[in-house]
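The chain contents come next:
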Amino acid sequence: MGNEYNNYIDQATSIAIQDAADNIRNVTDISNTASGVALSKLLEGGDKVKCMATIAEANKLIKNAIQNYEKNHSFIYRVQKFKCKIFTIL
């Protein structure tokens, strides 16, 4: 029975890691697109303040996605470590 629960925990943690990686990829795609549009507008003579603010915000989104991934990974590591202790008791 313990091995079955172990498999469920492994599957859940694998999905959580995949979701976090997908989030980074999606946020990066959106942020790069926004930065590209802002840079294009800037080169066309657009509002420098708005364009630079857009680029800065896009970079902040990427940074936040990476921080979320690191938190997620840290949490999953602790779950796996705790899981090992639990299943040695069972």
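Look up: the structure comes first, before these words.
Residue indices follow the written sequence of each chain, beginning from 1 at its first position. Local features are withheld for residues below a pLDDT of 70 in this predicted model, meaning they are given only at 70 or higher, and side-chain atom pairs are given and counted only at 80 or more; totals for whole chains, interfaces and linings count all residues. Side-chain numbers come from the whole structure's heavy atoms, not from hydrogens or water.

A. Looking closely at the environment of Leu39. By definition, any uninterrupted DSSP run of H or I lasting at least four residues is a helix, any uninterrupted run of E lasting at least two residues is a strand, and each is numbered from the N terminus. Along the polypeptide, Leu39 turns up in helix H1 (residues 2-43). Overall, Leu39 belongs to the partly exposed group, its relative accessible area being 43%. Spatially, the C-alpha atoms of Leu39 and Thr54 are 9.2 Å apart, while their sequence positions differ by 15 residues. Exposure is judged per residue with a 1.4 Å probe applied to protein chains only, and the accessible area is read against the type maximum: over 50% gives exposed, under 20% gives buried, and values in between give partly exposed.

B. Inspection of the side chain of Thr13 at higher detail. Position of Thr13 relative to the elements: it lies in helix H1. What qualifies as a polar contact is a pair of N or O atoms within 3.5 Å, subject to a donor-acceptor requirement within protein and to the restriction that residues adjacent in sequence count only when both atoms come from side chains. Here the side chain of Thr13 touches Asp10 through a polar contact of 2.9 Å, landing on its backbone oxygen. A contact between two residues is defined here by any heavy atoms of the two lying within 4.5 Å. Apart from residues lying up to four places away in sequence, Thr13 is in contact with Ile76, Val79 and Gln80.

C. Focus on the pattern of salt bridges. Salt bridges are counted wherever a side-chain nitrogen of Lys or Arg sits within 4 Å of a carboxyl oxygen of Asp or Glu. This structure, assessed with the given rule, holds 2 salt bridges. Here Asp22 and Arg25 are joined by a salt bridge, their closest N and O atoms 2.2 Å apart. With Asp22 and Arg25 both in helix H1 and 3 residues apart, this pair spans about one turn of that helix. The partly exposed category is assigned to Arg25, whose relative accessible area is 47%. Ionic pairing is found between Glu57 and Lys60, a salt bridge with its closest N-O pair at 3.6 Å. Here Glu57 pairs with Lys60, and both are found in helix H2 (residues 48-89), just 3 residues apart, close to one helical turn. On the accessibility criterion, Lys60 (45% relative accessible area) is partly exposed.

D. Molecular detail of the environment of Met52. Within the secondary structure layout, Met52 lies in helix H2. Sequence-wise, Met52 and Ala38 are 14 residues apart; in three dimensions their C-alpha atoms are separated by 7.4 Å.

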